[in-house]
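Structure assessment
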Amino acid sequence: MSAATFSKEPPLPPIGQTASFRAAADSQTTADLAQRTLLDGTNSSQPSQSFSVFSNAAAASASIAGGLAGLDDPSLTGKLVHVEAQRIMSVLQEAQRKILIIGMLPDEVDRRVSTVFAAETVALIGEYKLLETKYKSLVDAKAPEIFTAPDAAQAETKEVAKQLRMSTRTVCRHFLQNPHLVAKLRVLKSTKPGHAAAFEALLQEVKLLVYERLKTSVEEEQARLDQLSVIVAKEQKTSNEVRLLKEELEKAKKERSTEVSKRNEAIRKLKDELREIKQQAEDTTKRLESRSKQKEDQELQQAKDKEVSLRHEIETYTQNLADMIKKNREEEALLRKKKFKVESEVENWIHKYDQDMEEKQAELEDITTIYNEEKAQLDELQTRYNDLQKEYDRIMEERRVQQENRIAEEKRLKVMHLCATKIQAVFRGWKLRRDLAKKKAGGGGGGGKGSKKGTAKDKKKK
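Position labels on residues start from 1 in each chain and follow its written sequence. Owing to the predicted nature of the model, reporting of local features is limited to residues with pLDDT of at least 70; listing and counting of side-chain atom pairs is limited to 80 or more, with chain, interface and lining totals taken over all residues. Excluding hydrogens and water, the side-chain figures rest on all heavy atoms present in the structure.

This part covers the packing of helix H4 (residues 83-103) against helix H9 (residues 194-215). Angle between the axes and distance between the axes: these two values describe a pair of packed helices. One way to put it is that H4 packs onto H9 with a least axis distance of 10 Å and a crossing angle of 170 degrees. Considering their axes alone, H4 and H9 lie roughly antiparallel with respect to each other. Residues Ala85, Ile88, Met89, Leu92, Gln93, Ala95, Gln96, Ile99, Leu100 and Gly103 of H4 pack against Ala196, Phe199, Glu200, Leu203, Gln204, Lys207, Val210, Tyr211 and Leu214 of H9. Of the residues in the contact of H4 with H9, the class split is 13 nonpolar, four polar and two charged. Each axis is a line fitted through C-alpha atoms, and for a helix only the stretch in contact is used; angles between axes span 0 to 180 degrees, taken between their N-to-C directions. Secondary structure follows DSSP: runs of H or I at least 4 residues long count as helices, runs of E at least 2 residues long count as strands, and numbering of each begins at the N terminus. Oblique is the label for any angle not under 35 degrees, not over 145, and not in the 65 to 115 range, which are roughly parallel, roughly antiparallel and roughly perpendicular in turn. In this description, contact between two residues means that some pair of their heavy atoms is separated by no more than 4.5 Å. Under the scheme applied here, ten amino acids are nonpolar (Ala, Val, Leu, Ile, Met, Phe, Trp, Tyr, Cys and Pro), four are charged (Asp, Glu, Lys and Arg), and all others, including Gly, are polar.

The next point concerns the packing of aromatic side chains. Here the distance between the centres and the angle between the planes together describe a pair of aromatic rings. Put simply, two rings from Phe, Tyr or Trp (the six-membered ring, in Trp's case) pair if the centres are within 6.5 Å, and we call them stacked under 30 degrees between planes, edge-to-face over 60, tilted for the rest. What the rule picks out here adds up to two aromatic pairs. Seen from their ring centres, Phe427 and Trp430 are 5.9 Å apart, and the 35 degrees between their planes marks the pair as tilted. Here Phe427 and its partner Trp430 are both found in helix H10 (residues 218-442), three residues apart, which amounts to about one turn of the helix. By relative accessible area, Trp430 is classed as partly exposed at 43%. Buried, partly exposed and exposed residues are distinguished by accessible area as a fraction of the type maximum, computed with a 1.4 Å probe on protein chains only: under 20%, between the cut-offs, and over 50%, respectively.

Turning our eyes to something else, we now look at the pattern of salt bridges. Throughout this description, the term salt bridge denotes a Lys or Arg side-chain nitrogen within 4 Å of a carboxyl oxygen of Asp or Glu. Applying the stated rule across the entire model yields 19 salt bridges. Between Glu307 and Arg311 there is a salt bridge, and its shortest N-O distance comes to 3.1 Å. Note that Glu307 and Arg311 are positioned in helix H10 at a spacing of four residues, about one turn of the helix. Lys339 is paired through a salt bridge with Glu343; the nearest N and O atoms lie 4.0 Å apart. Of this pair, Lys339 and Glu343 are both found in helix H10, four residues apart, which corresponds to roughly one turn of the helix.

Where helix H6 (residues 119-141) meets helix H7 (residues 151-177), the axes come as close as 9 Å, and the angle between the chain directions of the two elements is 150 degrees. On the basis of the axis angle, H6 is roughly antiparallel to H7. The handedness of the crossing between H6 and H7 is left-handed. Here Glu120, Thr121, Leu124, Ile125, Glu127, Tyr128, Leu131, Glu132, Lys134, Tyr135 and Leu138 of H6 lie close against H7, whose contacting residues are Glu156, Thr157, Val160, Ala161, Gln163, Leu164, Ser167, Thr168, Thr170, Val171, His174 and Phe175. Left-handed is the label given to a crossing in which the near helix is rotated counterclockwise from the far helix by less than a right angle, and right-handed is the label when the rotation is clockwise.

With that settled, consider a negative patch on the surface. Candidate patch residues must exceed 30% relative accessible area and have no salt bridge, after which like charges are joined if within 9 Å and Val, Leu, Ile, Met, Phe, Trp or Tyr side chains if within 5 Å. Note on areas: Shrake-Rupley, 1.4 Å probe, and residue coverage restricted to the protein chains presented here. His residues and chain termini do not enter the charge count, which takes Lys and Arg as positive and Asp and Glu as negative. Think of each charge as sitting on NZ of Lys, CZ of Arg, CG of Asp or CD of Glu. A contiguous patch of negative charge, built from Asp354, Asp356, Glu358 and Glu359, is present on the exposed surface. Here Glu359 lies in helix H10. Under the relative-accessibility criterion, Glu359 is labelled exposed at 57%.

Here, nonpolar core refers to any group of buried Ala, Val, Leu, Ile, Met, Phe, Trp, Tyr and Cys residues whose side-chain atoms link them within 4.5 Å. Leu105, Phe117, Tyr128, Val171, Phe175 and Leu185 are the most contacted members of the largest nonpolar core, which has 25 residues in total. Within the residue set of this core, elements represented by two or more residues are H4, helix H5 (111-116), H6, H7 and helix H8 (180-188). With seven residues, the top contributor of residues to this core is H6. With near-sequence residues (within four places) excluded, Val171 lies in contact with Leu105, Leu124 and Tyr128. The next biggest cluster of nonpolar side chains, apart from the first, holds five residues, and it includes Ala85, Met89, Leu92 and Tyr211.

Turning our eyes to something else, we now look at H7. With 27 residues, H7 should reach 39 Å at 1.5 Å per residue; the first-to-last C-alpha distance of 39 Å fits that figure. Residues of H7 that are buried include every one of Ala153, Thr157, Val160, Ala161, Leu164, Arg165, Ser167, Thr168, Val171, Cys172, His174 and Phe175, and no others. In the core, the buried residues of H7 are packed alongside H4, H6 and H8. Given a helix with a known number of residues, its expected span is that number minus one, times 1.5 Å.

As for its position among the elements, Val116 is in helix H5. For Val116, a relative accessible area of 10% translates into the label buried. Separated by 71 residues in sequence, Val116 and Val187 place their C-alpha atoms 9.7 Å apart.

Before going further, it helps to examine the side chain of Lys207. As for its position among the elements, Lys207 is in helix H9. For Lys207, a relative accessible area of 3% translates into the label buried.

This part takes up the confidence of the model for the protein chain. Regions with low pLDDT should not have their predicted coordinates read in detail. The share of residues in the protein chain with pLDDT of 70 or more is 75%, and the mean pLDDT across the chain is 76. pLDDT runs from 0 to 100 and stands for how confident the predictor is about each residue. For residues 1-67, every residue scores under 50 in pLDDT, and the model assigns this stretch 79 contacts once sequence neighbours within four places are set aside. This stretch, residues 445-457, has a pLDDT under 50; its non-local contacts, to residues over four places away or in other chains, come to four contacts.

If you want it as structure tokens, here you go:
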């Protein structure tokens, strides 16, 4: 029975099987197949001996019971300190025993099952197989519509699943209470379903993982979690790098395939064009050869006709040439006379030009001599002028400095004169006010008038 038989129970996590568990399952399956083959051969050839084979199962029941009891490994529970941890391991071992029993149940209830087991056991197995078959048929028929089926169909599926769970508990309880029946199950069913073996191996891995988890202390667990987090981070980083590299590789492959396809297409087109060009070149060559041959024949005929006409023209031109040579010789003699006359005139003009140039050259030398003398005088005068200019600049600078000093001295004297005038006026005013104050203090009204007149006189003087 698969792990997804019960709809309400969540599936176990997908933990990968280890190599040891797979090897154990394969060896167990091989042993069960050998026993099943032996049993089938015994039933087909000697039916009367089947009871002797099943009687031997009683002897093997002790070993099978020991195998079930071997699932209760004391090393897994004895090293656990906490009672809760021991209880958890006991629950897992109990589940493992039940799974082992369910996996060994026969595929169908036939005559051999009725012969080996009692009526109660046969009834329990038959009821379990009937419910399992019914549940599988319901799930397989409504698997695509399991979440959208009507309420009645869902209720029927839930009811069958509930009955199947109850029947499974009853069967497991019955075989656990009667360990000798497990040996008979091993004899009856030698081939174990693949999903049952996988689920047993998965449960064994879960039990070992839970044991390791329960055995680990808090500090060890924290250290392991830290180590796992570092490993997970490295793995994620590596996975990201691998993913990026894969993406780049896929991209490069796509680009390369696209480039290759483009180049192949271009090559194919070029080959087609080359083939067409070759074909066209061959056709053109044939046409040109045909045309050139025709043209060659035509031109050959034309050449012969033209040769006859040219020979006639040559004769005519030869006669004309003789006449022209005679005429040109006469003209040449006349032109030679003219040339001699012109050359004589040119020599005369050249001689006259040479005489004129000698005269001009003598005149130019005289002018150059005069120019050099005047230039020397000019340089001397320029030197004297520069000296006088420097002296003039020095004198003018001295006069400018004297003028500035004189103006500054006049400004200073003017300022001092103004300051002295203001000081005298202030002093006179102070003195006059002091005298007026003395007169007012010592004299009467007449004295006051006299003082006013004196003040008016002083103002006029000012």
